[in-house]
Amino acid sequence: MAHVVGVLALDGVVPVDLAIPCEVFDRARGADGAPFYEVRVCGEMPDVRARPFGLRVPHGLDALRAVDTLVIPGIDDPTAGVATAALAAIVQAWEAGARIASICSGAFVLAATGLLAGRRATTHWLAAPYLAERYPAIVVDPNALFVDEGRIVTSAGASAGLDMCLHLVRRDLGQAAAARSARLAVAPLDRDGGQAQFIRYEPPRCHASLAPVLEWMRANVDRPLTVAALAARAGMSARTFARRFHEQTGTTPMQWLLLARIRRGQELLESCDASIDQVASASGFAASVTFRSRFRQVTGVSPAAYRARFNAER
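Residues numbered from 1 in each chain as written. Predicted model: local features only at pLDDT ≥ 70, side-chain atom pairs only at ≥ 80, totals over all residues. Heavy atoms only, no water.

Q: I'm lost on the pattern of salt bridges in this one. Help?
A: Evaluation of the coordinates by the stated rule reveals 13 salt bridges. For Arg218, the salt bridge goes to Glu215, with nearest N and O atoms at 3.8 Å. Here Glu215 and Arg218 lie together in helix H7 (residues 211–219), a separation of three residues that amounts to about one turn. Connected via shared salt-bridge partners are Asp11, Arg49, Arg51 and Asp76. (Salt bridge = Lys/Arg side-chain N within 4 Å of Asp/Glu carboxyl O. Helix = DSSP H or I, 4+ residues; strand = E, 2+ residues; numbered from the N terminus.)

Q: Just checking my understanding: could you explain the sheet that holds strand E10 (residues 152–155) for this structure?
A: By definition, the strands of a sheet pair up through backbone hydrogen bonds, in either a parallel or an antiparallel sense. Taken in spatial order, the six strands line up as E2-E1-E5-E6-E10-E9 in an open sheet, and their pairing is mixed. What marks the edges here is a single partner per strand, and that holds for strand E2 (37–42) and strand E9 (146–148). Between one strand axis and the next, the sheet turns through 15° on average, direction left out of account. In the packing of helix H1 (residues 15–27) onto the sheet, the strands contacted are strand E1 (3–8), E2, strand E5 (69–72) and strand E6 (99–103), and the crossing angle to E2 comes to about 160°. In this fold helix H5 (residues 158–173) packs onto E1, E2, E6, E9 and E10, with an angle of close to 160° to the strand it touches most, E6. (Pairing = 2+ DSSP bridges. Axes fitted to C-alpha atoms, helices over the stretch in contact; angles between N-to-C directions. Contact = heavy atoms within 4.5 Å.)

Q: Whenever I open this one, the packing of aromatic side chains confuses me. Can you help?
A: Note on aromatic pairs: each is described by the distance of the centres and the angle between the planes. All chains considered together, the criterion is met by eight aromatic pairs. Seen from their ring centres, Phe36 and Tyr37 are 4.8 Å apart, and the 85° between their planes marks the pair as edge-to-face. Between Phe285 and Phe291 the ring centres are 5.3 Å apart and the planes differ by 55°, which places this aromatic pair in the tilted class. When its relative accessible area of 10% is taken as the criterion, Phe285 is described as buried. Pairwise contacts between aromatic rings join Phe285, Phe291, Phe295 and Tyr306 into one cluster. A cation over a ring is seen here: Arg151 above Trp94, with NZ or CZ 3.7 Å from the ring centre. (Phe/Tyr/Trp six-rings, centres within 6.5 Å; stacked < 30°, edge-to-face > 60°. Buried < 20%, exposed > 50% of the residue type's maximum accessible area, 1.4 Å probe, protein only. Lys NZ or Arg CZ within 6 Å of the ring centre and 35° of its normal.)

Q: Looking at this structure, how should I read unusual backbone geometry?
A: Trans peptide bonds make up the majority, and among non-glycine residues the majority have a negative phi. Its identity as a non-glycine residue notwithstanding, Arg51 has a phi of 60°, on the positive side. Within the secondary structure, Arg51 is located in the loop between strand E3 (47–50) and strand E4 (53–56). Positive phi is not limited to glycine here, since Cys104 has a value of about 55°. Looking at the element boundaries, Cys104 is found in the loop between E6 and helix H3 (106–112).

Q: Help me understand the environment of Phe53, please; the structure alone is not making it clear to me.
A: Take Phe53: it is sitting in strand E4. Once the C-alpha coordinates of Phe53 and Pro15 are considered, the two residues, 38 residues apart in sequence, prove to be 9.2 Å apart. Setting aside chain neighbours within four positions, we find Phe53 in contact with Pro15 and Val48.

Q: Looking at this structure, how should I read the pairing of E1?
A: As a general feature of sheets, a regular strand has side chains that alternate between the two faces. Across the six residues of E1, six count as buried, placing the element largely inside the fold. The alternating pattern of E1 places His3, Val5 and Val7 on one face and Val4, Gly6 and Leu8 on the opposite face, and all of these are buried. Relative to E2, E1 runs parallel, the two sharing six bridges. Along E2, the bridge assignment pairs Val7 with Val41. In this fold, the crossover linking E1 to E2 by way of H1 has right-handed handedness. (Right-handed = clockwise from strand over helix to strand, strands pointing away.)

Q: Just checking my understanding: could you explain the environment of Val4 for this structure?
A: Inspection of the secondary structure assignment puts Val4 in strand E1. Separated by 35 residues in sequence, Val4 and Val39 have C-alpha atoms that sit 6.0 Å apart. Those residues in contact with Val4 that sit more than four places away from it in its chain are Glu38, Arg40, Ala66, Val67, Asp68 and Thr69.

Q: Mind showing me how you'd approach the layout of surface pockets here?
A: Picture a little ball the size of a water molecule; that probe, rolled over the atoms, points out where space is still empty. Volume-wise, the largest pocket comes out at about 250 Å³. Looking at the largest pocket, it is lined by 16 residues, and the ones nearest its centre are Leu10, Asp11, Gly12, Ile75 and Gly81. Across the lining of the largest pocket, the residue classes break down as eight nonpolar, two polar and six charged. There is about 160 Å³ of room inside the second largest pocket. Contributing to the lining of the second largest pocket are Val14, Val16, Asp17, Arg51, Ile75, Asp76, Pro78, Cys104, Ser105, Ala127 and Ala158. For the lining of the second largest pocket, the residue count by class is seven nonpolar, one polar and three charged. (1 Å grid on protein atoms, 1.4 Å probe; cavity = no way out; pocket = protein on both sides within 12 Å on 5 of 7 lines; lining within 4 Å. Points joined across faces, edges and corners; volume = space filled by probe spheres on them. Nonpolar A, V, L, I, M, F, W, Y, C, P; charged D, E, K, R; others polar.)

Q: Looking at this structure, how should I read the state of the cysteines?
A: Put plainly, a disulfide is one covalent bond tying together the sulfur atoms of two cysteines. Under the counting rule described, the total for this entry stands at zero disulfides. Unpaired in this structure, Cys22 has its nearest cysteine sulfur neighbour in Cys165, at a distance of 9.2 Å. Overall, Cys22 belongs to the buried group, its relative accessible area being 18%. The cysteine Cys42 is free of any disulfide, with Cys22 supplying the nearest cysteine sulfur at 9.9 Å. (Disulfide = S-S within 2.5 Å.)

Here is the structure:
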C-alpha cells in the first residue's frame with residue numbers, strides 16, 4: 001500500500017512550497033521501481049488563491065484523516081489567522097499517527113495548532129524572530145535548513161523545503177532512493193551550511209548619542225580598534241562607554257565590531273577576487289586563520305565556500 005502524503009493548500013499558499021513536496025514524493029520510487037508515495041493535495045475550499053493565480057484543489061480536509069505524512073507549505077501572510085477547520089484537521093491527522101512537516105512560513109500554521117510547543121523548529125530566517133516572539137514555547141533555530149523532531153519536521157525557505165523532502169525520502173526509502181530523487185531534482189542530497197550563509201550580518205544600529213561613533217566604527221573596521229580607544233573617541237571612560245554601548249545596541253563593542261567585520265568580509269567576497277588573506281586584512285582581522293574561524297562560526301561556511309556561492313563575477 002502506498003504511503004499517502006497530504007499537501008495542505010491553504011488560501012494564500014506559496015506556489016513553490018506547494019510544488020516541491022508534490023514533485024519530490026510523486027517521483028520517488030521504491031527498490032522495485034514502483035511509486036512509493038501517493039500525493040493528495042487537500043484544502044478547506046475547492047478553489048485556493050496562490051499569489052498570481054488560482055488552484056483547483058482535488059481533496060477536502062477530510063482526506064487528511066488517512067494520510068501518513070502531512071506537509072504544510074508556506075503561506076503569504078504568516079500573521080494572518082488560519083481557519084479553525086484547517087487547524088483541527090492537522091491535529092486530527094497528528095492524533096491518527098501522521099508525520100507532519102512544514103515548509104517556510106508553514107511553521108506558523110503548525111505552531112497555531114500547539115503541536116510545536118516545547119519542540120525545536122525552524123522557518124525562514126527573516127520570520128524566525130517573529131515565530132519565537134509569537135510562540136515563546138517553541139525553541140526556534142534560525143540557522144537550520146530543517147529540524148527533524150521525529151514525527152514533526154520543519155524547514156526553512158523554499159530550497160530548504162527541498163532538502164527536507166529529500167531527507168524524508170531517505171528516512172523512508174534509504175540513501176539510494178534519496179540520491180535518485182536528488183538527481184531528478186538536480187539538487188544536492190546534502191547541503192553544507194545552514195541558513196546563516198544567506199543572512200547579511202548587519203550590526204545593530206542606533207539613533208542615540210553613540211550613533212556617530214558606530215558609523216565611524218563601521219567605516220574603520222579594518223583598523224585595530226580597542227574599547228579604550230573607542231571610549232576616548234566618545235569622550236567617556238571605558239566602563240561608561242561599555243555600559244552605554246550595551247544600553248543603546250544590546251551588545252558589546254567587540255561583538256558589534258565582529259559582526260561589522262564579518263559584514264565587510266561578506267561584501268568583499270561577493271564583489272572582488274582579492275585573496276582570502278587580503279579580505280581578512282581589509283576586514284580588520286590580523287590573521288587570516290582568525291578570519292576563517294570567525295567567518296565560519298557566524299555564517300556556517302568557510303570564506304572560500306561563501307565566495308563560490310555568492311560572488312557574481314564567478
